[in-house]
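Letter by letter, the chains look like this.
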Amino acid sequence: MLLYFRHRQKVNIQDKITLKAQYEREILTAQLEVQNTTLQHIGQELHDNVGQLLAVARINLNVVEEAKEGDDNRKYIQQANELIAQSINDLRSLTKSLDGDFVQDFGLSESIAQELQRVRNTGIFGTEFRTSGEAYSLGFQREIVLFRIVQEVLNNAIKHAEAKKLTVNIIYLPESVTLTLQDDGKGFDYPSTQEKILSQSGAGLRNMQRRAALIGGQYTLKSLPGQGTTVSINLLTQPT
């Protein structure tokens, strides 16, 4: 019995070490994915938004430079100033995301708000962000995983759901936090997707569910054709 007890104790210790290593790998993977997604977005924004604004401002300044003396060029100068001011504001917003510790420095709610602002800036999607209760930190490791799940859901809604509005809601209670993401897209037959073999079903859906479980969260997804998709994660303040 003593030998059996020592063997079980050794197995339990090894299991804990394995789980801890897996948890740390997942946290690192989530961090890298957040950085990669953010940098891709910044590159696209610099090219499509700030670059175009500065190009138009340059055209206006060229008009002023080539104009004859005495011409009234005030409107071109004013437009150029407005475009440059807008470019500066956009760059300030983007530089916040360049910080690798953005989620750690600003918290989950502010990070989600910034992510939704980027989506809204495209002019294609409407977004809404609601919080209730007094916000508090869940710890960087749990928040970086939740933030990555939010990015994954938003990416799916934009690329696949054909949604027009994305809504995020966070409910802070003393004993738990509930994060809900909802789109008004075309939805899909989720029960049928779950029944597919691993090679056919979406890896993103499995990853979100696995990562939520890894940080002690209860993950639910509801979707039906024509009725949009809702993802909800309930997380106890003190994981069991």
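The coordinates are above.
Residues numbered from 1 in each chain as written. Predicted model: local features only at pLDDT ≥ 70, side-chain atom pairs only at ≥ 80, totals over all residues. Heavy atoms only, no water.

1. Points about the packing of helix H3 (residues 102-121) against helix H4 (residues 140-159)
This is how it is decided: Note on geometry: axes are C-alpha line fits, over the in-contact stretch for helices, and angles between N-to-C directions span 0 to 180 degrees. In this text, helices come from DSSP runs of H or I with a minimum length of four residues, and strands from runs of E with a minimum of two, each type numbered from the N-terminal end. When an angle is under 35 degrees it counts as roughly parallel; over 145 it counts as roughly antiparallel; between 65 and 115 it counts as roughly perpendicular; any other value is oblique. Contact between two residues is taken to exist if any of their heavy atoms lie within 4.5 Å; hydrogens are not considered. Classification convention: Asp, Glu, Lys, Arg as charged; Ala, Val, Leu, Ile, Met, Phe, Trp, Tyr, Cys, Pro as nonpolar; all other residues, Gly among them, as polar.
Remark: H3 packs on H4, axes separated minimally by 10 Å, with the N-to-C direction vectors making an angle of 5 degrees. Put simply, H3 runs roughly parallel to H4. Only Phe-140, Glu-143, Ile-144, Leu-146, Phe-147, Val-150, Gln-151, Leu-154 and Ile-158 of H4 make contact with H3, whose side of the interface consists of Val-103, Gln-104, Gly-107, Leu-108, Ser-111, Ile-112, Glu-115, Leu-116 and Val-119. Of the residues belonging to the contact of H3 with H4, the class tally is twelve nonpolar, four polar and two charged.

2. Regarding the packing of aromatic side chains
Note the following rule: Stacked, edge-to-face and tilted labels apply to pairs of Phe, Tyr and Trp rings (six-membered ring for Trp) whose centres lie within 6.5 Å, assigned for plane angles under 30 degrees, over 60, and everything in between, in that order. Categorising residues by exposure relies on relative accessible area from a 1.4 Å probe, with only protein chains included: less than 20% of the type maximum marks a residue as buried, more than 50% marks it as exposed, and the intermediate range marks it as partly exposed.
One pass over the full model with this rule turns up one aromatic pair. Between Tyr-136 and Tyr-172, the ring centres sit 5.4 Å apart and the planes meet at 65 degrees, which makes this aromatic pair edge-to-face. Here Tyr-172 lies in strand S2 (residues 165-172) and Tyr-136 lies in the loop between strand S1 (126-132) and H4, a separation of 36 residues in the sequence. You can call Tyr-172 buried: its relative accessible area is 6%.

3. Re unusual backbone geometry
For Glu-162, which is not glycine, the phi torsion reads 55 degrees and is therefore positive. With respect to the helices, strands and loops of the structure, Glu-162 is situated in the loop between H4 and S2.

4. Things to note about the pattern of salt bridges
Stated formally: Throughout this description, the term salt bridge denotes a Lys or Arg side-chain nitrogen within 4 Å of a carboxyl oxygen of Asp or Glu.
Throughout the structure, instances matching the rule amount to four salt bridges. One salt bridge in this structure joins Arg-130 and Glu-128, with 2.9 Å as the shortest N-O distance. The residue Lys-165 makes a salt bridge to Glu-128 at a minimum N-O spacing of 3.1 Å. Of this pair, Lys-165 sits in strand S2 while Glu-128 is found in strand S1, placing the two residues 37 residues apart along the sequence. Since its relative accessible area comes to 37%, Lys-165 is described here as partly exposed.

5. Concerning the sheet that holds strand S4 (residues 217-223)
Note the following rule: Strand pairing is defined by DSSP finding a minimum of two bridges between the two strands.
Sheet architecture is open: five strands sit in the order S1-S2-S3-S5-S4, paired in mixed fashion. The open sheet is flanked by S1 and S4, the only strands paired with a single partner. If you compare each strand with its neighbour and ignore which way they point, the axes differ by 10 degrees on average. Most of the contacts of H3 go to S1, to which it runs at about 165 degrees, and overall it touches S1, S2 and strand S3 (176-183). Against the sheet, H4 touches S2, S3 and strand S5 (229-236), its axis set at about 175 degrees to S5.

6. Some words on the environment of Gln-151
Assignment of secondary structure puts Gln-151 in helix H4. Judged by its relative accessible area of 4%, Gln-151 is buried. Distance from Gln-151 to Ile-112, taken between C-alpha atoms, is 8.6 Å for residues 39 residues apart in sequence.

7. Some details on the nonpolar core
Condition: For this analysis, a nonpolar core means a set of buried residues of the types Ala, Val, Leu, Ile, Met, Phe, Trp, Tyr and Cys, connected via side-chain atoms within 4.5 Å.
By size, the foremost hydrophobic cluster in this structure holds 35 residues, and its most contacted members are Ile-112, Leu-146, Ile-149, Ile-170, Leu-179, Leu-181 and Tyr-219. Going through the elements one at a time, H3, H4, S2, S3, helix H6 (203-214), S4 and S5 are the ones with two or more residues in this core. Considering every element that reaches this core, the biggest residue donor is H4, with nine residues. Those residues in contact with Ile-170 that lie beyond four places of it in its chain are Leu-108, Ser-109, Ile-112, Phe-129, Arg-130, Thr-131, Ser-132, Val-177, Thr-178 and Leu-179.

8. What to know about the pairing of S5
With eight bridges joining them, S3 and S5 adopt antiparallel strand pairing. Counted as the bridge partner of Leu-181 is Val-231 from S5. As paired elements, S4 and S5 share seven bridges and run antiparallel to each other. Residue pairing in the sheet places Ser-223 in a bridge with Thr-229 of S5. Here S4 folds back onto S5 in antiparallel fashion, the turn holding five residues, of which Gly-226 has a positive phi close to 80 degrees.

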